[in-house]
Amino acid sequence: MLAPASEAEMAEAVAAATGPLRVTGGGTRGLGAGGAAAVSTGGLRGVELYEPGALTIVVRAGTPVAEVEEALAAEGQRLPFEPMDHRALTGAEGVPTIGGVVAANASGPRRVQAGACRDSLIGVRFVDGTGTVVKNGGRVMKNVTGFDLVKLMAGSWGTLGVLTEVAFKVLPAPAASATLEIGGLEPGRAVVALSAALGSPYEVSAAAHLTEAGRTLVRIEGFEEQVAYRAERLADLLGRFGAVSVDREGVAATWADVRDAAPLAGRPGDVWRVSVRPTDGPRAWAALGEPPAVIDWGGGLIWALLPEGTDARAALAGLPGHATLVRASAAVRARLGTFHPEAPTLARLAAELRAKFDPRGILNPGLMER
Amino acid sequence: MQMPEPDASILAAKPRVVARLRAALPGDAVIDAPEELRAYECDALTAYTCPPLAVTLPASTDEVSAILRICHDEGVPVVPRGSGTSLAGGALPTADSVILGVARLTEVLETDYADRIIRVQTGRTNLSVTGAVEDEGFFYAPDPSSQLACAIAGNIAMNSGGAHCLKYGVTTNNLLGVTMVLMDGTVVEIGGAHLDAPGYDWLGLICGSEGMLGVVTDATLRILPKPEGARPVLMGFDSSEVAGAAVSDIIKAGVLPVAIEFMDRPCIRATEDFAGAGYPDCEALLIVEVEGSEAEIDHQLGLIKQIARRHDPVDLREAADEDEAARIWKGRKSAFGAMGQIGDYMCLDGTIPVSSLPFVLRRIGEMSAEFGLDVANVFHAGDGNMHPLILFDANTPGQLETCEALGAEILKLCVEAGGCLTGEHGVGVEKRDLMGHQFAPEDMEAQMRVKDVFDPAWLLNPSKVFPLTVSAPRRERRAAAA
């Protein structure tokens, strides 16, 4: 495996490549294009610049996520978008990198409040398929200078370029948090409750439902007094859905499980990630055959465990949204495809864009196409 | 600032182009009389004017598609226009271009409070989006100063911000879906009421693309529940450095105010003369606003005041009631009007890292003296988005040029300090020729490749964003093909 130690070496490696490259970070997201020679960002490591007073951090792409989170925690700050750790689900053993987070646009439960990875991403440097270094955005949080390739790179799975450096807007980590829980709701009723919580002024930072455990969960974060006040008001608001309990101890563990779809880990079957309009969540879940599921984002994100080989997209036909096959055998992947097909015009634009950034077609060839 | 010479063959083809547009659209949707075209000769960057070939005012996505198909077929450049409030000249026409104005697309297509979205046609004004949902306790977060007039179409084109982005983000963070028409007339639907779309982040790419990739006719926007309350505190300091340090300390303390606004002495004086908000006479003033319940506000403002006191403020006052809150905001909100009373001004929009604030303000003061033009500063300090206002007299020969030269130097300074040319207004034509200071040729090449994909003939707003010499090969290829 190639692991260039600098951006310049990365550019040379890509320029010199004579065949397809499998672009990887820590290899934990389980979606790399198999077969090709690997080029890893693992040699590009370290925090380039961190200004807590400006809420900005610039990091080399191969830096382990944990290292970034530690640096931020030391100043009482954090990545706003709560990136998931795919390892529980995929069984991969590598070390997740911050570049991998960006390439997958990995975003956790706080998506409903703080946005996705792409919303916190303010700058990128990458090597395109010709070996040219390109920068876009920068290290300031308000920047409309030129086209926004920063967001384009988020979630592009290494198909447009190899990320070498990424910059984020970060946020203060709150002093306190709480989880409110209602038991015994079916998903339809649960999503109504989650919508009510998200539509309240109490700045709900996560809203999820675990179908098997029948747990409906809402998170609030803030100053101690704030959390106490909001917990009380929300408990009032949600009282009509059932008894509300408030947990202050296990908040981090509860939401790490939601984030990583932990209830579905290590179990036989395929794991799908379905994105729908939040109030369509229960309908989508029913259409999938009421599988074991983690319903996050107030109903808008469904992690579903389906019997091997189930075509979730066929089951969801007619509902706006999309379904990604996150964990499955190679045979199932080959048959169903990993990514949701785009509308023909968008698929054409995607192919043309890709050809512009990677004219030789060497970066993760085939990935994202199906 | 220059614009490309109009294409004589297009000027000559005007009768045919107008006839084709008229055939495709209702009678009053095409304007080509010279006296009526004057209304579209510029946007809010009034220093540059040029009447277009014709103006079209479509009332549906189908009509937008028809206009673009005809112009594509005829090889006529199209300049999309929202409400024409761009300070960067984003909607400045050329004589050989057709303006496509979205002013007639104003419908609310859907509101859904359970999903927390609104879908609107993009000619609708920013403020009226909030107006459509506020009775239900919701609002649309991006709030550019021009929000009474500016259209969502322009907000998307420029990725507009506002005073409250420190907490709520800018347009791109609040946009969930669009219907967009490509230059060849193809209509595409991207995203929707679901939180993320498959494939590449088209929405992220389109937002802020200054009308160069497509014309967005309707948009699905995220709406948020209104906070229980909000209250500002005003603090005065005897130097900009100290005010800058206070901003940094407030952010580091873990409070996330919804807005941190900064004004320097020249701006304070001008607004006092104009609005009489009762601001202290000091070097630098901050307005910090927090949201929440009464108790939450008390708690956060308590922390903020504690931090402020460590920096020896010359004044520190918290709004006791709505009236006082309004008075604190009054001066800030009338700052641009106040400067307009003094004379002509040019409003810059560079962003800098908050840590560079003291250095940049000092350098701006020095440059102001060197160029002999006064500069007042008013800006969103929490996110480093500066708005230096350069005062000049447009009637004194040479002053506009001096002002533009000073503006260019200040923006270069922003880039050197680690920031950028524009934080929320866009590049347009105003900052187009400075792009080379922020981007290497290969950086601009990567951006232009995106336009090559969406608009291979470079017909849509072709003379914006990229320096003319840089975009020339692509634009000339089109002209040669025609």
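Cut-offs used in this document
- Residues numbered from 1 in each chain as written.
- Chains lettered and ligands numbered in written order.
- Predicted model: local features only at pLDDT ≥ 70, side-chain atom pairs only at ≥ 80, totals over all residues.
- Helix = DSSP H or I, 4+ residues; strand = E, 2+ residues; numbered from the N terminus.
- Rg over C-alpha atoms; globule rule 2.2 N^0.38 Å.
- Buried ≥ 20, exposed ≤ 12 C-beta atoms within 10 Å, placed from the backbone.
- Contact = placed C-beta atoms within 7 Å.
- Pairing = 2+ DSSP bridges.
- Nonpolar A, V, L, I, M, F, W, Y, C, P; charged D, E, K, R; others polar.
- Domains from an automatic or database assignment.
- Core = buried A, V, L, I, M, F, W, Y, C linked by C-beta atoms within 7 Å.
- Axes fitted to C-alpha atoms, helices over the stretch in contact; angles between N-to-C directions.
- Parallel < 35°, antiparallel > 145°, perpendicular 65-115°, else oblique.
- Arc of directions from axis to C-beta.
- Expected span 1.5 Å × (residues − 1).
- pLDDT = per-residue confidence, 0-100.

## A look at the overall build of chain A
Then step 1. Along its length, chain A carries 14 helices and 17 strands.
Then step 2. Against the 2.2 N^0.38 benchmark of 21 Å for 370 residues, chain A shows a C-alpha radius of gyration of 21 Å, consistent with a compact globule.
Then step 3. Seen through its C-alpha atoms, chain A measures out along the principal axes to roughly 65 × 50 × 35 Å.
Then step 4. Here chain A holds 370 residues, and 58% of them are scored as buried.
Then step 5. Restricting to contacts in chain A with at least 6 residues of sequence separation, those with at least 24 account for 72%.

## Considering the overall build of chain B
Then step 1. Tallying secondary structure elements over chain B gives 18 helices and 18 strands in all.
Then step 2. For chain B, whose C-alpha radius of gyration is 23 Å, the value lies close to the compact-globule estimate of 23 Å for 482 residues.
Then step 3. When the backbone C-alpha atoms are referred to their principal axes, chain B occupies close to 70 × 55 × 40 Å.
Then step 4. Evaluated residue by residue, chain B yields a buried proportion of 57% over its 482 residues.
Then step 5. Partitioning the intrachain contacts of chain B with sequence separation of at least 6 by distance along the chain shows that 73% fall at a separation of at least 24.

## Quick look at the pairing of strand S4 (residues 98-101) of chain B
Residues and elements named next belong to chain B.
Then step 1. Of the two faces of S4, the one carrying Val98 and Leu100 and the one carrying Ile99 and Gly101 are both buried.
Then step 2. Here three bridges tie strand S2 (residues 54-56) to S4, and the two strands are oriented parallel to one another. Residue pairing in the sheet places Val55 in a bridge with Ile99 of S4.
Then step 3. Looking at chain direction, strand S3 (residues 78-81) and S4 are connected through four bridges and run parallel. Pairing of Val79 across the sheet is with Ile99, part of S4.

## A short note on the interface of chain B and chain A
Then step 1. In this assembly, 75 residues from chain B lie in contact with 69 residues from chain A.
Then step 2. Listing elements by their share of the side of chain B that touches chain A, those giving two or more residues are strand S9 (187-191), helix H8 (202-206), helix H9 (240-252), helix H11 (294-310), helix H16 (435-438) and helix H17 (441-454) of chain B.
Then step 3. No other element matches the nine residues that H17 of chain B contributes to the side of chain B that touches chain A.
Then step 4. For the side of chain B that touches chain A, a count of residues per class yields 32 nonpolar, 28 polar and 15 charged.

## As for the domain arrangement of chain A
Residue and element names in this part refer to chain A.
Then step 1. The domain boundaries assigned to chain A delineate domain 1 (7-172), domain 2 (176-259) and domain 3 (262-336).
Then step 2. Placing the centre of domain 2 and that of domain 3 at their C-alpha centroids yields a distance of 23 Å.
Then step 3. Contacts between the two partners involve 14 residues from domain 2, matched on the other side by 14 residues from domain 3.
Then step 4. Looking at the side of domain 2 that touches domain 3, the elements that each hand over two or more residues are helix H8 (187-198), strand S11 (204-210) and helix H10 (251-259).
Then step 5. Element by element, the count of residues in the side of domain 2 that touches domain 3 is highest for H8, at six residues.
Then step 6. A class-by-class count of the residues in the side of domain 2 that touches domain 3 yields eight nonpolar, four polar and two charged.

## Concerning the nonpolar core
Then step 1. Counting residues in hydrophobic clusters, the biggest one holds 211 residues, and the most contacted among them are Val102, Met153 and Val166 of chain A together with Leu221, Leu286, Ile390 and Cys414 of chain B.
Then step 2. If sequence neighbours within four positions are ignored, Leu286 of chain B has contacts with Met235, Ala243, Ala246, Val247, Ile260, Glu261, Phe262 and Ala381 of chain B.

## What to know about the domain arrangement of chain B
Residues and elements named next belong to chain B.
Then step 1. Domains assigned within chain B are domain 1 (108-225), domain 2 (230-336) and domain 3 (343-425).
Then step 2. Of the residues lining the interface, eight residues belong to domain 1; the matching set on domain 3 comes to seven residues.
Then step 3. Residue classes in the side of domain 1 that touches domain 3 are distributed as six nonpolar, two polar and no charged.

## Here we look at the packing of helix H10 (residues 265-275) of chain B against helix H13 (residues 335-342) of chain B
Residues and elements named next belong to chain B.
Then step 1. In the contact formed by H10 and H13, the axes pass within 8 Å of each other and the chain directions differ by 85 degrees. One finds that H10 runs roughly perpendicular with respect to H13. Side by side, H10 and H13 meet where Cys267, Ala270, Thr271, Asp273, Phe274 and Ala275 of the first sit next to Ala335, Gly337, Ala338, Met339, Gln341 and Ile342 of the second.
Then step 2. Taken together, the residues of the contact of H10 with H13 sort by class into eight nonpolar, three polar and one charged.

## Thoughts on H10 of chain B
Two residues of an α-helix separated by three or four positions point the same way, owing to the 3.6 residues in each turn.
Residues and elements named next belong to chain B.
Then step 1. Those residues of H10 lying buried are Cys267, Ile268, Ala270 and Thr271. Burial along H10 is one-sided: seen end-on, the buried residues are contained in an arc of 170 degrees.
Then step 2. Buried residues along H10 sit in contact with strand S13 (259-264), strand S14 (284-291), helix H12 (322-333), H13 and strand S17 (375-380).
Then step 3. Just downstream of H10 lies Gly276, where phi reads positive at about 55 degrees.

## What to know about the sheet that holds strand S6 (residues 121-128) of chain A
Residue and element names in this part refer to chain A.
Then step 1. One open sheet accounts for five strands, arranged S3-S4-S8-S6-S7; its pairing is antiparallel. What marks the edges here is a single partner per strand, and that holds for strand S3 (47-51) and strand S7 (133-137). Here the strands of the sheet are splayed against their neighbours by 15 degrees on average, with no regard to which way each runs.

## Description of helix H15 (residues 399-416) of chain B
All names here are of chain B.
Then step 1. Compared with the 26 Å implied by 1.5 Å per residue over 18 residues, the 25 Å span of H15 between its first and last C-alpha is a close match.
Then step 2. Listed as buried for H15 are Cys403, Leu406, Gly407, Ile410, Leu411, Leu413 and Cys414. Along the axis of H15, the buried positions cluster into a sector of 150 degrees, meaning they face one direction only.
Then step 3. Residues of H15 that are buried in the fold lie against strand S16 (344-347), helix H14 (357-371) and strand S18 (388-392).

## With respect to the packing of helix H9 (residues 224-238) of chain A against H11 of chain B
Then step 1. Direction vectors running N to C along H9 of chain A and H11 of chain B enclose 170 degrees, while the axes themselves pass 10 Å from each other. What the angle tells us is that H9 of chain A and H11 of chain B run roughly antiparallel. When H9 of chain A is examined against H11 of chain B, the residues Glu225, Gln226 and Tyr229 of chain A are found in contact with a partner set consisting of Ala295, Glu296 and His299 of chain B.

## Looking at the confidence of the model for chain B
Then step 1. Looking at chain B, the pLDDT average stands at 94 and 99% of residues meet or exceed 70.
Then step 2. The ipTM for the predicted assembly is 0.97, set against a pTM of 0.96.

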